[in-house]
Amino acid sequence: MDFLTQKPNEVIIAMTSNGWNIYYKAGHLPLLNIQGFVLASPLTDDYLDFNTRVQYAHQRTLISNELYESIKASCNGDYINLNPNNTNCMSDYEAYSELVRYIDMYRITQPSCIKGSNKNRRSLFDDLETIHQSTFRCREDEYALVELWANDPNVRKDLNVREGTKGHFKRCNHSEAYIKNVHSVVEYHQNLTNTNLRSLIYIGDLDMATPYIGVHSIIKSLNLKLNSTWRAWFVDGEVAGYTEGYKNNDQYHLTYATVKGGGHVAQEHTPKEVYEMIQRWFSYYDI
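This is a predicted model, so every value here is computed, not measured. (Residues numbered from 1 in each chain as written. Predicted model: local features only at pLDDT ≥ 70, side-chain atom pairs only at ≥ 80, totals over all residues. Heavy atoms only, no water.)

## What to know about the overall build of the protein chain
Step number 1: On a plain count of helices and strands, the protein chain comes out with 10 helices and 9 strands.
Step number 2: In the protein chain, buried positions account for 39% of the 287 residues.
Step number 3: Counted over contacts in the protein chain with a minimum sequence separation of 6, partners at least 24 positions apart contribute 55%.
Step number 4: Of the roughly 17600 Å² of accessible surface on the protein chain, a fraction of 50% belongs to carbon and sulfur atoms. (Helix = DSSP H or I, 4+ residues; strand = E, 2+ residues; numbered from the N terminus. Buried < 20%, exposed > 50% of the residue type's maximum accessible area, 1.4 Å probe, protein only. Contact = heavy atoms within 4.5 Å. Areas by Shrake-Rupley, 256 points an atom, 1.4 Å probe, with all protein chains shown as cover.)

Right, here's the structure in full:
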């Protein structure tokens, strides 16, 4: 029996012949018998995921063929561990960075709302009380509404948030002093392929933060058997993305899917397509 532990919540996930069961050290046995899992735009390996951003930028015509060939050669395909003494690589990477500077990596087709510098960045977070618009151009504007809504006293009352138990709600609280010490979970994915679980891994094809190139290459590295070849999947008769399936010994099954037009949080801009995909997968239908 193998174990994965996560100390903050004292959760032990035990791999057994019947699947994965979750136990708590408090002694409550077992709470869940896991049948599968869904991963959305997962960050699986810091290096492998982030290093594919340059290739993704080239595929999406954000940089020229000439620059891509030059930076690939001068940096030897490594855009993470840059050598400051390699002037050609540094020059190419600077050119690349300038070209994607005003691109929103979380969905490359949406406005970045950055003009010149961060000092000129328009954001409703600066003054939440002045929101009078019904439509918003910037991604941060919508998130600002969430923050405004969650801190409204009437909303908190309806949600039964006890007074004094929670201060100001922030959607992403970057002030917490977290320490990141897990930079790759590829090994865990490899271990999971020896179980009888089902998995769905999907990613928006407009996501440059965690490009589909890296996610797909990591899946390929798991040495699974191709069970379903690359094909389009549809919603309302229109192509909603592309998918393929893998398996290991007819027990572990992995479905990989891209969402056409989706960003890092695909369900934000393509909610119907993601809903249909998830429903089909839960119902054991082909996507």
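Still to come is the rest of the account.
## Overview of a nonpolar patch on the surface
Step number 1: Judged by side-chain polarity, W149, L159 and V161 come together as a nonpolar surface patch covering roughly 310 Å² of accessible area.
Step number 2: Following the sequence through the fold, W149 ends up in helix 5 (residues 139-150). (Patch = residues over 30% accessible without salt bridge, like charges linked within 9 Å, V, L, I, M, F, W, Y side chains within 5 Å. Salt bridge = Lys/Arg side-chain N within 4 Å of Asp/Glu carboxyl O.)

## Overview of the side chain of T270
Step number 1: Structurally, the position occupied by T270 is in the loop between helix 9 (266-269) and helix 10 (271-282).
Step number 2: Within the structure, T270 has its side chain in polar contact with the backbone oxygen of A266 (distance 2.6 Å).
Step number 3: Those residues in contact with T270 that lie beyond four places of it in its chain are V259, K260, G261 and G262. (Polar contact = N/O pair within 3.5 Å; in protein donor to acceptor, adjacent residues only side chain to side chain.)

## Some thoughts on the packing of helix 3 (residues 65-74) against helix 4 (residues 87-99)
Step number 1: It is at 8 Å that the axes of helix 3 and helix 4 come closest, and there the two elements cross at 140°. Considering their axes alone, helix 3 and helix 4 lie oblique with respect to each other. Crossing of helix 3 against helix 4: the hand is left-handed. When helix 3 is examined against helix 4, the residues L67, S70, I71 and S74 are found in contact with a partner set consisting of N88, C89, D92, Y93, A95, Y96 and L99.
Step number 2: The residue makeup of the contact of helix 3 with helix 4, split by class, is 7 nonpolar, 3 polar and 1 charged. (Axes fitted to C-alpha atoms, helices over the stretch in contact; angles between N-to-C directions. Parallel < 35°, antiparallel > 145°, perpendicular 65-115°, else oblique. Left-handed = near helix turned anticlockwise from the far one by under 90°. Nonpolar A, V, L, I, M, F, W, Y, C, P; charged D, E, K, R; others polar.)

## Some thoughts on the packing of aromatic side chains
Step number 1: What the rule picks out here adds up to 5 aromatic pairs.
Step number 2: Taking 5.7 Å as the distance between ring centres and 75° as the angle between the ring planes, the aromatic pair formed by Y56 and Y212 counts as edge-to-face. Of this pair, Y56 sits in helix 2 (residues 53-59) while Y212 sits in helix 8 (residues 212-220), placing them 156 residues apart in sequence. Each member of the pair Y56 and Y212 is classed as buried.
Step number 3: Between Y93 and Y96 the ring centres are 5.4 Å apart and the planes differ by 50°, which places this aromatic pair in the tilted class. You can see Y93 and its partner Y96 sitting in helix 4, 3 residues apart, about one turn around the helix.
Step number 4: With a relative accessible area of 5%, Y96 lands in the buried category.
Step number 5: Every member of this aromatic cluster is reached through a ring pair, and the members are W230, Y242 and Y256.
Step number 6: Sitting over the ring of W281, R198 keeps its end group 4.2 Å from the ring centre.
Step number 7: R198 extends its terminal NZ or CZ atom over the ring of Y284, reaching a point 3.9 Å from the ring centre. (Phe/Tyr/Trp six-rings, centres within 6.5 Å; stacked < 30°, edge-to-face > 60°. Lys NZ or Arg CZ within 6 Å of the ring centre and 35° of its normal.)

## Some remarks on unusual backbone geometry
Step number 1: Phi at T61 is positive, roughly 55°, even though this residue is not glycine.
Step number 2: In this fold, T61 is placed in the loop between helix 2 and helix 3.
Step number 3: For T61, a relative accessible area of 66% translates into the label exposed.
Step number 4: Notably, N160 is not glycine yet its phi reads approximately 60°, a positive angle.
Step number 5: Along the polypeptide, N160 turns up in the loop between helix 6 (153-158) and helix 7 (186-192).

## Points about the nonpolar core
Step number 1: Core analysis: the biggest nonpolar cluster contains 30 residues, and Y96 and L254 have the highest contact counts within it.
Step number 2: Considering every element that reaches this core, the biggest residue donor is helix 8, with 4 residues.
Step number 3: Discounting chain neighbours no more than four positions away, the residues touching Y96 are R53, V54, A57, I63, L67, I71 and M208.
Step number 4: Core analysis: the second largest hydrophobic core is formed by 13 residues, W233, A240, I278 and W281 among them. (Core = buried A, V, L, I, M, F, W, Y, C linked by side-chain atoms within 4.5 Å.)

## Focus: the pattern of salt bridges
Step number 1: Within this structure, the stated rule accounts for 6 salt bridges.
Step number 2: One salt bridge in this structure joins E98 and R101, with 3.7 Å as the shortest N-O distance.
Step number 3: What makes R101 partly exposed here is its relative accessible area of 41%.
Step number 4: Between E276 and R280 there is a salt bridge, and its shortest N-O distance comes to 3.9 Å. Here E276 and its partner R280 are both found in helix 10, 4 residues apart, which amounts to about one turn of the helix.
Step number 5: Take E276: its relative accessible area is 26%, and that puts it in the partly exposed class.

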